[in-house]
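Here are the chains, one letter per residue:
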Amino acid sequence: MIRVDDVHVAFGDVEVLDGVDLTVEAGEFVGLVGPNGAGKTTLLRTVNGALTPDSGDVFVGEDRIHDLSSRAASRRVATVPQDTSVRFAFDVADVVAMGRTPHRSRFSSDPDRGARVDAALERTETTHLRDRRVDTLSGGERQRVFVARALAQDAPTLVLDEPTASLDVNHATQTLALVRELADESRAVLAAIHDLESAARFCDRLALVHDGRIVDQGEPADVLTTEALETAFDARGVVTTNPVTDSPAVTTLPSTTGGGRRVHVLGGGETGASVVGSCWAAGHQVSAGPFSHDDAARSVARTLDVPVETTPPFAAIDRATVEAVSEQIAAADVTVLADPVIDPAATVCRLADDAERLVVVESRPLAERNYGGERGRERYESLRRRATVVDADRIPAVLDEKPGPGRVLADD
Amino acid sequence: MESPPRAPVLLGLGAALVATVLASATVGPVSIDLLTVSKAALNAVGVPAGLSVGVGTTRIFGASVPLPSVSLRYAYPFSFAVADSSETIVRQIRLPRIVLGAIVGFALAAAGTVMQGFFRNPLADPSIIGVSSGAAVGAVAAIVFAVGLPLQAMAFAGAILAAFAVYLVATRDGETPVATLLLAGVAIQTFLGAVISYMLVHAGESLERAVYWLMGHLQNSTWSEVEVTLPAAFLAFAVLHAYAHDLNVLLMGEEDAHALGIEVERTKRILLAVASVITAAAVAVAGVIGFVGLVVPHVLRLIVGPDHRILLPASALAGATFLVAADTLARSGPAEVPVGIVTAAVGAPFFLYLLRRKEVHTV
């Protein structure tokens, strides 16, 4: 339906679109994602005909959109603009009726007008607003009114620029679900969407725009990766899977100037998971393990691409694993013992013995996690005496401190 | 707020205009009662009854030009018995002035409404693209240098030339950004202001006449001025009115208007040209009458809302009424003052009152 073919657009000397190819079929909802200034809005403006590309073509259906009159173009493409602020005291029904402009002739009335406007209002759940002045609406209500206007336009192609930018979570979801439905009714929909998770959840495909190019496109889960966050958004982050929607969940982290130490995380469980996460987020080079297969800390480590040693469930830690972990601990500047479970052989304690600097984080009392009896307790206590003992939330700060003699910062 | 229904509003404003016209015609050195005025006015109502084609002298803005002419023959359906003196005063002295005032007010308010919508700027008025300054240069030149061409023709030509110059300066690659247009208008107005001042300095004895023209006036109006101005104003208004919906959509912003199927640049060109013509037609016969085109659209926007399908005709009718009333005031004092002084002196305080009471800060 929409076919963008090697489109170049420059504003002055700035190349805003640098050879963009994209297709959107009827029934398909394609999301444009990418950082501010990547060229998403410019791309949308070339698709709806507002902007004529310097080179390349945009086809909507059979027609080159730039060869069409704006009336003909607006019968094919309806647009929901990014800026929906209206300074004029039009009624909502008037604004929605403006969507009928391409179907209206100057000297006769548009017979479908009333019915189309009513249907569009109903569809966007704005019927109750129809006699309100549009300049008195909230941003979210106005956004829906503009979607209604695009619906009244009755075009087979829909272009939306940040349709959820000013909406609360509920309305954002409602709106995207509506757009999804509109696509399912065999419209071709192209939308720039800032919220990556919403984009991934509702779109059939995502196109990642960066520096005026589409650097990747495909299924949301294939496009939204940690590397994509890094290259396109210059952001550190994690992409996991949202267990409820089964779509990618994106967590971005502030860029950091600290970190840079080698940290090994021993122990595991929820505490281990949070320590692995916070050390990674603080910019340290993290290794971890041994964790058992189903350990929460292991799945976090895997998500973050942190090298992790794994042991099969209910099995003793084998020799090879111990050696591998020992090497990592030897190479680490700091070893964090996160709520460790002491097994009969006190393997964790033996491994921690070699640590250059030791930090202990505890959330459960030792008795609950000690299977090594009195001997295990003693070994652990002696480790603890030379370690820095902190709360989990203090971990990034402690790691940034200069290594010093062991001292207890916090106790449980 | 739902837009008020169109028909009652326009009928009401039309009735107010007729009432004002009749009331105005009773005022003057000789007081004539309303009934007599009404009869005399009805007697003056002519309906086109046919065309006569021939070679004759056509009067264009007061000048006799021999041209092949097509002229309308009028039939006068009413013939009430009215005293000759009263009939002459009403029909030959007061009514031409009052009717011309109504047309000028109608034209200026319509042009002002279009300009404010077009520029999405509350300060826009009909003269914003240099029309009034251009007219003033033409008129003052005609007065000061006695060039031999009729003043109204010079003023009209000056107005159109100035508007066209502003348009050309502001247009690049077929696009006319309104911000550029606004600034180009200001620059050209300033330049033309200098030209006018220079001419006034060298005006000598004709200075008083020139200054009087500049203030805006309806004195010595004739039916022949009405005959030229009326069709021009109504024709231009009909075009503007046909574009009322497009103006509404343009208020949403040009990019949005384009996405809704408006040929933005073409529509802007048409609106600009027609609004310039309607303004020029008014200014050419009445001089620079300020404030009608600025205040009346604002007031009506407060009352009927921003929809140009009702706002444009409502403003035009109210502008006509306002100018007739202002001119009645201008000529009813002991010494007649130019109507431009009255419109500004009455309009400005009223506008300030509105500004304090309600929001007039948006178009």
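Before reading on, note that the structure itself is shown above.
Residues numbered from 1 in each chain as written. Chains lettered and ligands numbered in written order. Predicted model: local features only at pLDDT ≥ 70, side-chain atom pairs only at ≥ 80, totals over all residues. Heavy atoms only, no water.

K.L.:
Lay out the interface of chain B and chain A in plain terms, naming residues and giving numbers.
P.N.:
Interface extent is often summarised as the accessible area lost during association of the parts. With 25 residues of chain B at the interface, the matching set in chain A holds 32 residues. With both sides pooled, the region where chain B packs onto chain A buries about 2,500 Å², and carbon together with sulfur makes up 52% of that total. Along the contact surface separating chain B from chain A lie two salt bridges. In this structure, R45 of chain A and E255 of chain B form a salt bridge, with 2.6 Å as the shortest nitrogen-oxygen distance. Applying the counting rule to chain B against chain A returns nine residue pairs in polar contact (both at pLDDT 80 or more). For the side of chain B that touches chain A, the elements supplying multiple residues, two or more each, are α9 (244-251) and α10 (254-259) of chain B. (Contact = heavy atoms within 4.5 Å. Buried area = accessible area lost by both parts, 1.4 Å probe. Salt bridge = Lys/Arg side-chain N within 4 Å of Asp/Glu carboxyl O. Polar contact = N/O pair within 3.5 Å; in protein donor to acceptor, adjacent residues only side chain to side chain. Helix = DSSP H or I, 4+ residues; strand = E, 2+ residues; numbered from the N terminus.)

K.L.:
Hey, could you go over a nonpolar patch on the surface for me, with residue numbers and the actual values?
P.N.:
Taken together, L42, V45, V47, F78 and F80 of chain B make up a surface patch of nonpolar side chains, about 360 Å² in accessible area. Inspection of the secondary structure assignment puts V47 of chain B in strand β1 (residues 47-60). (Patch = residues over 30% accessible without salt bridge, like charges linked within 9 Å, V, L, I, M, F, W, Y side chains within 5 Å. Areas by Shrake-Rupley, 256 points an atom, 1.4 Å probe, with all protein chains shown as cover.)

K.L.:
Before we move on, can you summarise the pairing of strand β16 (residues 334-338) of chain A with the specific residues and values?
P.N.:
All names here are of chain A. Within β16, five of the five residues are buried, leaving the element largely enclosed by the surrounding structure. Across the two faces of β16 the burial is the same, with V334, V336 and A338 and T335 and L337 all buried. Where strand β13 (residues 262-267) and β16 come together, five bridges link them in parallel fashion. Bridging from a neighbouring strand, V265 pairs with V336 of β16. With four bridges connecting them, β16 and strand β17 (residues 358-361) associate as parallel partners. Residue T335 lies in a different strand from β17, and its bridge partner there is L358. Where the polypeptide runs from β16 across helix α13 (residues 347-353) and back to β17, its parallel neighbour, the crossover connection is right-handed. (Buried < 20%, exposed > 50% of the residue type's maximum accessible area, 1.4 Å probe, protein only. Pairing = 2+ DSSP bridges. Right-handed = clockwise from strand over helix to strand, strands pointing away.)

K.L.:
Describe a negative patch on the surface, listing the residues and the values that go with them.
P.N.:
A surface patch of negative charge is lined by E227, E230, D234 and D305 of chain A. Of note, D305 of chain A is situated in the loop between α11 (296-303) and β15 (308-311). (Lys, Arg positive; Asp, Glu negative; His and termini not counted. Charge placed at Lys NZ, Arg CZ, Asp CG, Glu CD.)

K.L.:
Run through empty space enclosed by the protein, naming residues and quoting values.
P.N.:
The final tally for this structure, using the stated rule, is three cavities of 30 Å³ or more. In this model, the largest cavity occupies a volume close to 50 Å³. Lining the largest cavity, in full, are F90, D94, A97, M98 and R113 of chain A together with H245, N248 and R309 of chain B. Of all the elements in the fold, those that place two or more residues in the lining of the largest cavity are α3 (92-98) of chain A together with α9 of chain B. (1 Å grid on protein atoms, 1.4 Å probe; cavity = no way out; pocket = protein on both sides within 12 Å on 5 of 7 lines; lining within 4 Å. Points joined across faces, edges and corners; volume = space filled by probe spheres on them.)

K.L.:
Residues and numbers for the nonpolar core, please.
P.N.:
F29 of chain A together with V104, F119 and I129 of chain B are the most contacted members of the largest nonpolar core, which totals 165 residues. The biggest single contributor to this core is helix α3 (residues 84-119) of chain B, with 18 residues. Setting aside chain neighbours within four positions, we find V104 of chain B in contact with L218, A282, V285, A286, I289 and L323 of chain B. V9, L190, A192 and I214 of chain A belong to the second-largest nonpolar core, a separate cluster that totals 27 residues. (Core = buried A, V, L, I, M, F, W, Y, C linked by side-chain atoms within 4.5 Å.)

K.L.:
Break down the pattern of salt bridges for me, with residues and values.
P.N.:
Enumeration according to the criterion identifies 30 salt bridges over all chains in this entry. K268 of chain B is the salt-bridge partner of E265 of chain B, the closest N and O atoms lying 3.2 Å from each other. One end of the pair is E265 of chain B and the other is K268 of chain B, both in helix α11 (residues 264-286) and three residues apart, which spans about a single turn. K268 of chain B shares its class with E265 of chain B; the two are buried. Because the salt bridges share partners, they merge into one network encompassing D339, E362, R364, R369 and R384 of chain A.

K.L.:
Kindly report on the sheet that holds strand β14 (residues 285-292) of chain A, identifying the contributing residues and their values.
P.N.:
Residues and elements named next belong to chain A. Spatially, the six strands line up as an open sheet ordered β15-β14-β13-β16-β17-β18, and their pairing is parallel. Looking at the sheet topology across the chains shown, the edges are occupied by β15 and β18 (388-390). Neighbour-to-neighbour, the strand axes of the sheet open up by a mean angle of 20 degrees, direction not taken into account. Here β13 runs beside β14; their pairing, made up of four bridges, is parallel. Within the sheet, the bridge partner assigned to H264 lies in β14 and is S287. Packed onto the sheet, helix α15 (residues 373-386) meets β16, β17 and β18 and runs at close to 115 degrees relative to β17. (Axes fitted to C-alpha atoms, helices over the stretch in contact; angles between N-to-C directions.)

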